[in-house]
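Now for the letters of each chain:
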Amino acid sequence: MTTHLLPDLADVSRRGDRVALRFGDTALTYRELAAVAAGTASRLAGLRRVAVWATPTAETCAAVVAALAAGVAVVPINPKIGKREMSHIVGDAEPDRVLAAPGAELPGELAGLPRIDVTLTPPAQPGPWPAEPPASTPAFIVYTSGTTGPPKGVVLPRRALTSNLDALAEVWEWTADDVLVHGLPLFHVHGLILGVVGPLRRGCTLHHVGKFSTEAVAAELAGDATMLFGVPTMYHRLAEDCAADREMAEAIGRARLLVSGSAALPATEHQRIEQLTGQRVIERYGMTETLMNCSVRFSGDRRPGTVGLPLPGVDLRLVDDDGNPIPEQDTDAVGEIEVRGPNLFLGYLNRPDATAEAMHDGWFRTGDMARRDPDGYVRIVGRRATDLIKSGGYKIGAGEIENVLLDHPQVAEVAVTGEPDPDLGERIVAWVVARDERPSADELIAHVAEQLAAHKRPREVRFLSALPRNDMGKVMKRALRA
Ligand code: MLC
Ligand code: AMP
């Protein structure tokens, strides 16, 4: 028997008339989505990978489902991507086609690829759903920032999706009766794999609000939505607005499940949401390379500041600085999290060196530091690399921004750091030593905005006469932050 990645789309006799997706006024049932996707899938047969212009729309979901049906890997593209990232991704992934909504204007190299417009009109005679590809077939190539250099393409096989989404369903008691709401972007694991493939695999309904707003998600939870997915910045904004709006707090309180991830949810925020809405947020911990590793169970103790237990099927250990495993009973020790299981990626595209470096005796090195509570709950306490910034739930490599700023003719030296921010978790700060003529902060921010995605722009630029360096000449970023 084949296990389909998307059983309710492969066989619409199961739940065909149920709404699969709703974006604003646009809704598609399982039957309609299956017909639209099968039509596009027939045009993708035999291709290796396709880029998808990942606007928050039903067309993006239809394009992704079509590629998954055809067994063709999806490279989701942030529609606010900058020029430099675009050149890198198109050159590195070499997509055979680009899939986009009709009328969407594609920039740069993407516009040069053969294009397939994805419409929501089902073909007159929808073809059959293609046979299920092997579980090891790449499903997605998601680009993620490292500490230095351009983003790396994380190749995720179908088995990572099926095993991980089923593990989440088990621990969250997530069923076809749920209605998920979120306003996450559709070019990362959180919004796209958990937030779109997740509900479609469960046979439940997704209501996507387009651009996130507290009002939009509250309106859905006041209606028939049962679950909310968000990053801590979204929960921070919900807490702020619920404090001023009783009706909003009541709407959020009606949810069956509020899930936070992609960055640490501060314990104070967890407690504030509980006080305002009566709901305790469930925190889960994941990564592009591993999908989800840990979560608090639906029926478990929702303690603030922890990401709960490893998911079924995921092996997790903490290792010390020498790479030796720390015994589970040692609840004082802090170590790096390493994981193993069917949830892992296949490797970084075209980067066997980086893939090998990320592995340790068959375990994936996450770079996240944690300790364990006596009952095994994992508490993330920090990150190994100071050059990785998490802002609004986006991972941003300091080196990528530094390289762009160094290309500016008036920048002599630069260091980029993340500073604590009550809304974004961390905000990007650029420390700049100017040449003879000092550019304005706005000019430098605009320079970054042209080359990189919008969320990689520094929020602040601070000018210095010299950067603090150690005896080796290396910039001491901790001294800057202090
Ligand atoms: C940014 N902007 C600036 C600026 N920096 N404008 C002027 N000067 C600057 N320095 C602009 C942006 O272009 C945007 O414009 C607006 O300001 C806000 O930028 P933003 O960074 O997008 O923030 P905001 O719109 O406030 O959105 C907050 C947010 C968003 C939480 C909605 O950060 C978000 O969607 N985060 C989700 C990230 C995510 O999905 N991560 C998952 C990774 S997967 P405009 O025009 O757009 O308003 C992963 C694995 C796992 O981590 O475990 O899940
Ligand atoms: P990304 O590479 O964008 O997938 O980001 C993955 C990183 O996000 C992880 O390595 C963690 O540092 C961070 N992260 C994700 N979820 C959590 C969480 N619940 N708590 C703390 N950090 C998290």
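None of these values were measured; they are calculated from a predicted model. (Residues numbered from 1 in each chain as written. Chains lettered and ligands numbered in written order. Predicted model: local features only at pLDDT ≥ 70, side-chain atom pairs only at ≥ 80, totals over all residues. Heavy atoms only, no water.)

### A look at the pattern of salt bridges
So, step 1. Per the counting criterion, the structure on display carries 37 salt bridges.
So, step 2. The partner of Lys-456 in a salt bridge is Glu-400, and the shortest N-O contact between them spans 3.2 Å. Taken together, the residues Lys-456 in the loop between α14 (441–451) and β26 (460–463) and Glu-400 in helix α13 (residues 398–406) connect sequence positions 56 residues apart. For the pair Lys-456 and Glu-400, a shared accessibility class is recorded, and that class is buried. (Salt bridge = Lys/Arg side-chain N within 4 Å of Asp/Glu carboxyl O. Helix = DSSP H or I, 4+ residues; strand = E, 2+ residues; numbered from the N terminus. Buried < 20%, exposed > 50% of the residue type's maximum accessible area, 1.4 Å probe, protein only.)

### Notes on the pairing of strand β12 (residues 257–260)
So, step 1. Residues Leu-257 and Val-259 of β12 are buried on one face, and the alternating residues Leu-258 and Ser-260, pointing to the opposite face, are buried as well.
So, step 2. Where strand β11 (residues 227–230) meets β12, four bridges bridge the pair, whose relative direction is parallel. Bridged to Leu-228 within β12 is Leu-258.
So, step 3. The pairing of β12 with strand β13 (residues 282–287) spans two bridges and is classified as parallel. Paired with Ser-260 across the two strands is Glu-283, which belongs to β13.
So, step 4. A crossover links β12 with its parallel partner β13, the connecting element being helix α11 (residues 267–277), and its sense is right-handed. (Pairing = 2+ DSSP bridges. Right-handed = clockwise from strand over helix to strand, strands pointing away.)

### Describing the environment of Phe-298
So, step 1. Here Phe-298 lies in the loop between β14 (291–295) and β15 (309–310).
So, step 2. Sequence separation of Phe-298 and Leu-194 is 104 residues, and the distance between their C-alpha atoms is 16 Å.
So, step 3. Beyond its immediate stretch of four places on either side in the chain, Phe-298 contacts Val-171, Trp-172, Glu-173, Arg-256, Leu-257 and Ile-282. (Contact = heavy atoms within 4.5 Å.)

### A closer look at the nonpolar core
So, step 1. Grouped together as the largest cluster of nonpolar side chains are 134 residues, with contacts concentrated most on Phe-140, Leu-156, Leu-161, Trp-172 and Leu-200.
So, step 2. The leading source of residues in this core is helix α3 (residues 58–70), at 10 residues.
So, step 3. Counting the residues that make up this core, at least three belong to each of domain 1 (7–195) and domain 2 (388–481).
So, step 4. Beyond its immediate chain neighbours, meaning those up to four positions away, Leu-200 contacts Leu-6, Asp-8, Leu-9, Ala-20, Leu-21, Tyr-30, Leu-33 and Val-65. (Core = buried A, V, L, I, M, F, W, Y, C linked by side-chain atoms within 4.5 Å. Domains from an automatic or database assignment.)

### Observations regarding helix α6 (residues 158–172)
So, step 1. With 15 residues, α6 extends 21 Å between its outermost C-alpha atoms, agreeing within 8% with the 21 Å of an ideal straight helix rising 1.5 Å per residue.
So, step 2. Extensive coverage of α6 is indicated by the burial of 11 of its 15 residues.
So, step 3. When α6 is considered as a whole, its buried residues turn out to be Arg-158, Ala-160, Leu-161, Thr-162, Asn-164, Leu-165, Ala-167, Leu-168, Ala-169, Val-171 and Trp-172.
So, step 4. Backbone geometry just downstream of α6 places Glu-173 in the positive-phi region, at approximately 55 degrees. (Expected span 1.5 Å × (residues − 1).)

### Observations concerning the site of ligand 2
So, step 1. Arg-284, Thr-288, Asp-368, Lys-390 and Lys-395 are the nearest of the 15 residues found near ligand 2.
So, step 2. In this structure, an oxygen atom belonging to ligand 2 sits 2.9 Å away from a side-chain N or O atom of Lys-395.
So, step 3. Here ligand 2 loses 92% of its free accessible area of 500 Å² to cover by the protein chains.
So, step 4. For the shell around ligand 2, the per-class residue count stands at six nonpolar, four polar and five charged. (Near = heavy atom within 4 Å. Polar contact = N/O pair within 3.5 Å; in protein donor to acceptor, adjacent residues only side chain to side chain. Areas by Shrake-Rupley, 256 points an atom, 1.4 Å probe, with all protein chains shown as cover. Nonpolar A, V, L, I, M, F, W, Y, C, P; charged D, E, K, R; others polar.)

### Considering the site of ligand 1
So, step 1. Surveying the vicinity of ligand 1 reveals 25 residues, the closest of which are Lys-80, Ser-262, Arg-284, Arg-457 and Pro-458.
So, step 2. The separation between an oxygen atom of ligand 1 and a polar side-chain atom of Lys-390 is 2.8 Å.
So, step 3. The contact in question runs from a nitrogen atom of ligand 1 to an N or O atom on the backbone of Gly-392, over 2.8 Å.
So, step 4. Here ligand 1 loses 77% of its free accessible area of 1,100 Å² to cover by the protein chains.

### Quick look at the packing of aromatic side chains
Both the distance between ring centres and the angle between the ring planes are used here to describe each pair of aromatic rings.
So, step 1. Applying the stated criterion across every chain, the model contains six aromatic pairs.
So, step 2. For the ring pair Phe-345 and Phe-364, a centre distance of 5.4 Å and an interplane angle of 80 degrees mean the geometry is edge-to-face. One end of the pair, Phe-345, is in the loop between β17 (335–340) and β18 (347–348); the other, Phe-364, is in strand β20 (residues 363–372), and 19 residues separate them in sequence.
So, step 3. The exposure class of Phe-345 is buried, given its relative accessible area of 8%. (Phe/Tyr/Trp six-rings, centres within 6.5 Å; stacked < 30°, edge-to-face > 60°.)

### Let's talk about helix α7 (residues 189–202)
So, step 1. For α7, built from 14 residues, the straight-helix expectation of 20 Å at 1.5 Å per residue is missed by more than 12%, its first-to-last C-alpha distance being only 17 Å.
So, step 2. The element α7 is extensively covered by neighbouring structure, given that 14 of its 14 residues are classed as buried.
So, step 3. Positioned one or two residues after α7, Gly-203 has a phi angle of 80 degrees, which is positive.

### Quick word on the state of the cysteines
By definition, a disulfide links the sulfur atoms of two cysteine residues through a covalent bond.
So, step 1. Scanning all chains against the criterion turns up zero disulfides.
So, step 2. With no disulfide partner, Cys-204 has as its closest neighbouring cysteine sulfur the one in Cys-61, 13 Å distant.
So, step 3. The exposure class assigned to Cys-204 is buried, which follows from its relative accessible area of 0%. (Disulfide = S-S within 2.5 Å.)

### Quick notes on the domain arrangement of the chain
Where the parts come together, the accessible area they lose is often given as the size of the interface.
So, step 1. The domain boundaries assigned to the chain delineate domain 1 (7–195) and domain 2 (388–481).
So, step 2. Taking the mean C-alpha position of each, domain 1 and domain 2 sit 33 Å from one another.
So, step 3. Each side of the interface is counted separately: domain 1 has 16 residues, and domain 2 has 18 residues.
So, step 4. Between domain 1 and domain 2, a total of about 1,300 Å² is buried, with carbon and sulfur atoms accounting for 46% of that surface.
So, step 5. If you sort the residues of domain 1 by the area they bury against domain 2, Arg-84, Glu-85 and Ser-145 come out on top, with a joint share of 42%.
So, step 6. One can count three salt bridges joining domain 1 with domain 2. (Buried area = accessible area lost by both parts, 1.4 Å probe.)

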